[in-house]
Amino acid sequence: MTKIRDDLLLAQSAVTSRINAPADKVDIAKWLLSIPDAEYQRCAPGDHISAGYTTTDDGQPMSINVEQVGSALLIEHYVGEVTEKLHCKMVSTSDVFSDGGRSKIQVIWELTAKPDGDGLEFTNEVTVHPTDEFLEFLEKAGLTFDQASEAHKVASTAHNRLETPHFAKSIENAALAPA
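Small disclaimer: the values here were computed from a predicted structure and weren't measured. (Residues numbered from 1 in each chain as written. Predicted model: local features only at pLDDT ≥ 70, side-chain atom pairs only at ≥ 80, totals over all residues. Heavy atoms only, no water.)

Looking now at the overall build of the chain. Across its full length, the chain carries 4 helices and 7 strands. For the chain, the sequential pattern of α-helices and β-strands runs β-α-α-β-β-β-β-β-β-α-α. Taken over C-alpha atoms, the radius of gyration comes to 16 Å for the chain, in line with the 16 Å a tight globule of 179 residues would show. In terms of principal-axis extent, the alpha carbons of the chain reach across some 55 × 35 × 30 Å. Counting only residues that meet the buried cut, the chain has 44% of its 179 residues in that class. Contacts in the chain between residues at least 24 apart in sequence constitute 57% of all its contacts with a sequence separation of at least 6. (Helix = DSSP H or I, 4+ residues; strand = E, 2+ residues; numbered from the N terminus. Rg over C-alpha atoms; globule rule 2.2 N^0.38 Å. Buried < 20%, exposed > 50% of the residue type's maximum accessible area, 1.4 Å probe, protein only. Contact = heavy atoms within 4.5 Å.)

Okay, the packing of aromatic side chains next. Summed over all chains, the structure comprises 4 aromatic pairs. Relative to Phe167, the ring of Trp109 has its centre 5.9 Å away and its plane inclined at 40°; by these criteria the two rings are tilted. Of this pair, Trp109 sits in strand E6 (residues 101-116) while Phe167 sits in helix H4 (residues 145-176), and the two are 58 residues apart along the sequence. Take Trp109 and Phe167: they sit in the same class, and that class is buried. (Phe/Tyr/Trp six-rings, centres within 6.5 Å; stacked < 30°, edge-to-face > 60°.)

This part covers the environment of Ser149. Structurally, Ser149 is set in helix H4. Here Ser149 falls in the buried class, since its relative accessible area comes to 6%. Taking C-alpha positions, Ser149 is 40 Å from Ala177, a pair spaced 28 residues apart along the chain.

Turning to the pattern of salt bridges, a few remarks are in order. Applying the stated criterion across every chain yields a total of 8 salt bridges. The closest approach of N and O atoms between Asp116 and Arg18, which form a salt bridge, is 3.4 Å. Of this pair, Asp116 sits in strand E6 while Arg18 sits in strand E1 (residues 11-19), and the two are 98 residues apart along the sequence. When the shortest N-O distance is used, the salt bridge between Arg102 and Asp95 registers 3.2 Å. The network of salt bridges with shared partners includes Arg5, Asp7 and Asp132. (Salt bridge = Lys/Arg side-chain N within 4 Å of Asp/Glu carboxyl O.)

Along its 32 residues, H4 runs 44 Å from first to last C-alpha, staying within 8% of the 46 Å computed at 1.5 Å per residue. Of all the bends in H4, the greatest reaches close to 30° and is centred on Glu163; the proline Pro165 follows between one and four positions later. (Expected span 1.5 Å × (residues − 1). Bend = angle between axes of the 7 residues up to and from the residue.)

Right, let's talk about the nonpolar core for a bit. Core analysis: the biggest nonpolar cluster contains 38 residues, and Ile19, Val26, Ile28, Ile105, Trp109 and Phe122 have the highest contact counts within it. When contributions to this core are tallied by element, the ones reaching two or more residues are E1, helix H1 (28-32), strand E4 (72-83), strand E5 (87-98), E6, strand E7 (119-130), helix H3 (132-141) and H4. Per element, the largest residue contribution to this core is 6 residues, and it comes from H4. Setting aside chain neighbours within four positions, we find Ile28 in contact with Glu84, Lys85, Leu86, His87, Cys88, Leu111, Thr112, Ala113, Phe122 and Ile171. (Core = buried A, V, L, I, M, F, W, Y, C linked by side-chain atoms within 4.5 Å.)

Spatially, the 7 strands line up as an open sheet ordered E1-E7-E6-E5-E4-E3-E2, and their pairing is antiparallel. Strands at the two margins of the open sheet, each flanked by one partner only, are E1 and strand E2 (48-55). Taking the axes of each pair of neighbouring strands and ignoring which way they run, one obtains an average angle of 20° across the sheet. Where E4 and E5 come together, 7 bridges link them in antiparallel fashion. By the bridge assignment, Thr83 is partnered in E5 with Cys88. Lying over the sheet, H3 contacts E5, E6 and E7, oriented at roughly 125° with respect to E6. Strands in contact with H4 are E1, E2, strand E3 (61-69), E6 and E7; relative to E1, the strand with the most contacts, it is inclined by about 15°. (Pairing = 2+ DSSP bridges. Axes fitted to C-alpha atoms, helices over the stretch in contact; angles between N-to-C directions.)

Below is the structure:
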């Protein structure tokens, strides 16, 4: 069993962008759990590799994402803890592949949209916690947690800045598409 170390913060990044669509037309959960693979790839060119959707054994919605963040390849198994029209909170125990091998981290991905005039302020927030396995991985690699945290913050923030405006535009396009 993978033990999440939620007492340690590996990285956190929040980036905002605008969605130019009426709030009553926006449905982040529907968008997130049906975005075509090619559209997901367009939302972070070069970083997003693939996306798919399924459910857990007990029926919770899941988004499976494969992406490059910095020098690491992540395979994320996001379970929808909150899947509402203007708020999604997805939690994944993610596989991380790097030059040093394979490990696991927890990634919390939160997408929110708040009405702002005739559109919405969209926030894409990512919070990353290590697992005990990841801490052992760092020790074997001769890296400190602070070194890993700094590297992950830089990579995560750069990735988030790349994808957030594309996500906002994709959500906007989905909201304004003819029914």
